[in-house]
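Breakdown of the fold
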Amino acid sequence: MTTGAQTPYPARPRRSRLRTFLPLGVAAWLVLEIWLLTMVAGASNGLVVFLILVAGLVLGSVVIKRAGRRAFKNLTETLQQQQGGMPPEARPNSEGNGLTMLGGLLLIIPGVISDAVGLLLLVPPVQKAVSRHAERTFERKLREAAQGSLGDAFQQARMRRPDGKVVQGEVIRDEPGSAPGDTPRGPRPPLTR
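Residues numbered from 1 in each chain as written. Predicted model: local features only at pLDDT ≥ 70, side-chain atom pairs only at ≥ 80, totals over all residues. Heavy atoms only, no water.

**Some thoughts on the overall build of the protein**
Helices and strands together make up the secondary structure of the protein, namely six helices and zero strands. N-terminal to C-terminal, the α/β element order of the protein is α-α-α-α-α-α. Looking at the 193 residues of the protein, the share that counts as buried comes to 12%. Pairs at least 24 residues apart make up 58% of the contacts formed inside the protein by residues separated by at least 6 positions. Summed over all atoms, the accessible surface of the protein reaches about 16,300 Å², with 63% contributed by carbon and sulfur. (Helix = DSSP H or I, 4+ residues; strand = E, 2+ residues; numbered from the N terminus. Buried < 20%, exposed > 50% of the residue type's maximum accessible area, 1.4 Å probe, protein only. Contact = heavy atoms within 4.5 Å. Areas by Shrake-Rupley, 256 points an atom, 1.4 Å probe, with all protein chains shown as cover.)

**Side note on the packing of helix α2 (residues 46-83) against helix α3 (residues 97-108)**
α3 packs onto α2 with a crossing angle of 160 degrees between their chain directions and a minimal axis gap of 7 Å. Between α2 and α3, the interaxial angle falls into the category roughly antiparallel. In this structure, the crossing between α2 and α3 has a hand that is left-handed. Across from G56, L57, L59, G60, S61, V63, I64, A67, G68, R70, A71 and N74 in α2, the residues of α3 making contact are N97, T100, M101, G104, L105, L107 and I108. Of the residues contributing to the contact of α2 with α3, the split by class is ten nonpolar, eight polar and one charged. (Axes fitted to C-alpha atoms, helices over the stretch in contact; angles between N-to-C directions. Parallel < 35°, antiparallel > 145°, perpendicular 65-115°, else oblique. Left-handed = near helix turned anticlockwise from the far one by under 90°. Nonpolar A, V, L, I, M, F, W, Y, C, P; charged D, E, K, R; others polar.)

**Points about the confidence of the model for the protein**
This prediction gives the protein a mean pLDDT of 78; 69% of its residues lie at or above 70. Summarising per-element confidence for the protein, the mean pLDDT is lowest in helix α6 (residues 150-160) (52) and highest in helix α4 (residues 112-121) (92). The model gives residues 157-161 a pLDDT under 50, and that stretch makes one contact with residues more than four places away or in other chains. (pLDDT = per-residue confidence, 0-100.)

**Some details on the UniProt feature "transmembrane region" (unreviewed entry) in the protein**
In the numbering used here, UniProt assigns the "transmembrane region" (unreviewed entry) feature to residues 21-41, 47-64 and 99-123. The span residues 47-64 shows a helical share of 100% and a strand share of 0%, and its end C-alpha atoms are spaced 26 Å apart. (UniProt positions renumbered as here; feature names shortened; annotations may be inferred.)

**Let's talk about the side chain of D115**
Mapping D115 onto the fold places it in helix α4. There is no salt bridge for the buried D115, and the closest opposite charge comes from R66, which lies 17 Å off by N-O distance. The contacts of D115, once residues within four sequence positions are left out, are I52, L106, L107 and I109. (Lys, Arg positive; Asp, Glu negative; His and termini not counted. Salt bridge = Lys/Arg side-chain N within 4 Å of Asp/Glu carboxyl O.)

**Comments concerning a nonpolar patch on the surface**
A surface patch of nonpolar side chains, amounting to about 640 Å² of accessible area, comprises L47, F50, L51, V54, L57, V58 and V62. The topology assignment puts V62 in helix α2. Taking the relative accessible area as the measure of exposure, V62 reaches 49% and is therefore partly exposed. (Patch = residues over 30% accessible without salt bridge, like charges linked within 9 Å, V, L, I, M, F, W, Y side chains within 5 Å.)

**Here we look at the packing of helix α1 (residues 17-43) against α2**
Close contact between α1 and α2 brings their axes to 8 Å; oriented N to C, the two are set at 130 degrees. By the angle between their directions, the pair α1 and α2 is classed as oblique. Between α1, through L37, V40 and A41, and α2, the contact on the second element is made entirely by V48, V49, I52 and L53. Residues belonging to the contact of α1 with α2 are distributed by class as follows: seven nonpolar, no polar and no charged.

Structural data, given as structure tokens:
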């Protein structure tokens, strides 16, 4: 049994632009990739398209394997230096392993556009430019973030997205052995947490 006014439904949080446009962008990219592959197949033949897809798969696999080995080697060397008590030294070749792996992954994904972007990410000047841009963007986002503890962030997220409705009302407890209409046998204990 509830009494009181009904609680209004909480306002829905506004969808971010990324959540709105990302599915549309992925769908447009897939349609464009399929259209380009059919255009290549129409200009030449199906064997050329098949060879392009297989070459992208093989090249992407080799690139990812090589970048993964290089990253693992750098990790083991850093751990050995730390265990030896020496501070880890900066490695000029260790930067760009993530972008190299991303380029390899884009080469593995079937399509002409993904292959072109994957090949661009394998070029060192492009890797440095993308890395600098990502670093600046990350630092700017960190500066824009509200100052406070991690607990404050969780509290703000909880206030914005409640995990359930609040129903105002009163609690009526039925005691075993009491029939409806009987008078209570004594004072009831207060309801506490």
